[in-house]
Amino acid sequence: MMEDLAMHTLEILMNSVHAGAKNIKLEITDSAAKDELLISVLDDGKGMDEETAKKASDPFYTSRTTRKIGMGLAFLRGLAETCGGEFSLSSEPGKGTLVTASVQRSNIDTPPLGDIGEMMMETIQADGDIDYELAYVTDNGRFGFSTKEAKEMLDGVSILEPGVLLWIKEYINEGIKQVKEDIV
Ligand SMILES: Nc1ncnc2c1ncn2[C@@H]1O[C@H](COP(=O)(O)OP(=O)(O)O)[C@@H](O)[C@H]1O
Ligand SMILES: [Mg+2]
């Protein structure tokens with residue numbers, strides 16, 4: 001499967017889900033002027049102590065006893081460093097975690113952004129009670145999506161209804177298209 005930034009971001013969102021987050025903010029800043037694409041994920045999950053945070057982006061560390069594929073943070077950090085960008089992680093136990101990673105848009109190793117609508121649909125599906133705020137910002141403008149607002153509009157209909165999820169995916173991808181510049 002083609003590796004794209006959306007896939008990496010999904011790994012980071014899943015970490016927030018597993019950390020018991022109730023609110024997750026995802027911001028993607030995609031700037032041609034700065035030749036930079038920056039992804040940040042902020043959650044209000046259980047956070048990490050200093051020791052865990054230090055080890056978390058080390059490819060040989062996981063707090064899981066059984067490892068599936070994982071290594072979300074180590075892969076993202078490696079990707080950022082390979083693609084002329086930066087990675088950072090800050091976390092406070094009981095408060096939450098902020099992960100940011102940037103890549104140089106023009107770098108030959110930088111993968112495509114991928115399908116953000118699909119990625120949001122998948123992460124929402126993992127737990128319909130978690131609320132997400134998504135922002136996609138370019139030099140042209142800003143697109144925002146909030147599950148809280150979507151749930152208000154749904155007026156009792158579950159956000160997990162397949163039709164609703166598909167609508168969210170398309171709404172997000174359409175919104176991104178409106179403000180996106182050419183290619184990554
Ligand atoms: N958002 C988060 N909140 C709390 N702990 C986290 C978060 N993200 C990662 N971690 C911690 O860092 C470890 C490494 O994460 P990751 O690189 O995704 O690998 P894995 O999820 O396979 O363990 C996790 O096992 C977890 O202990
Ligand atoms: Mg993980």
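Rules of the game
- Residues numbered from 1 in each chain as written.
- Chains lettered and ligands numbered in written order.
- Predicted model: local features only at pLDDT ≥ 70, side-chain atom pairs only at ≥ 80, totals over all residues.
- Core = buried A, V, L, I, M, F, W, Y, C linked by C-beta atoms within 7 Å.
- Buried ≥ 20, exposed ≤ 12 C-beta atoms within 10 Å, placed from the backbone.
- Contact = placed C-beta atoms within 7 Å.
- Axes fitted to C-alpha atoms, helices over the stretch in contact; angles between N-to-C directions.
- Helix = DSSP H or I, 4+ residues; strand = E, 2+ residues; numbered from the N terminus.
- Parallel < 35°, antiparallel > 145°, perpendicular 65-115°, else oblique.
- Left-handed = near helix turned anticlockwise from the far one by under 90°.
- Nonpolar A, V, L, I, M, F, W, Y, C, P; charged D, E, K, R; others polar.

Engineer: Tell me about the nonpolar core, and name the residues and values.
Structural biologist: Membership of the largest hydrophobic core comes to 37 residues, with the highest contact counts inside it found for Ile116 and Met120. Non-local contacts of methionine 120, meaning those with residues more than four positions away in its chain, are made with Tyr132, Leu134, Ile168, Lys169 and Ile172.

Engineer: Which residues make up the packing of helix H1 (residues 5–18) against helix H4 (residues 116–126), and what values go with them?
Structural biologist: Helix packing for two helices is described by the angle between their axes and how far apart those axes are. Orientation of H1 relative to H4, taken along the N-to-C sense of each, is 20°, at an axis distance of 10 Å. Classed by the angle they form, the pair H1 and H4 counts as roughly parallel. At the point where H1 passes H4, the crossing takes the right-handed sense. For the pair formed by H1 and H4, the contact residues are Ala6, Thr9, Leu10, Leu13, Met14 and Val17 on the first element and Ile116, Met119, Glu122, Thr123 and Ala126 on the second. In terms of residue class, the contact of H1 with H4 is made up of eight nonpolar, two polar and one charged.

Engineer: Before we move on, can you summarise unusual backbone geometry with the specific residues and values?
Structural biologist: Notably, aspartate 35 is not glycine yet its phi reads approximately 50°, a positive angle. When you line up the elements, aspartate 35 lands in the loop between strand E1 (23–31) and strand E2 (36–43). For aspartate 35, a count of 12 C-beta atoms within 10 Å gives the class exposed. At aspartate 155, a position not held by glycine, the phi torsion is positive, near 50°. By secondary structure assignment, the location of aspartate 155 is in the loop between helix H5 (147–154) and helix H6 (162–179).

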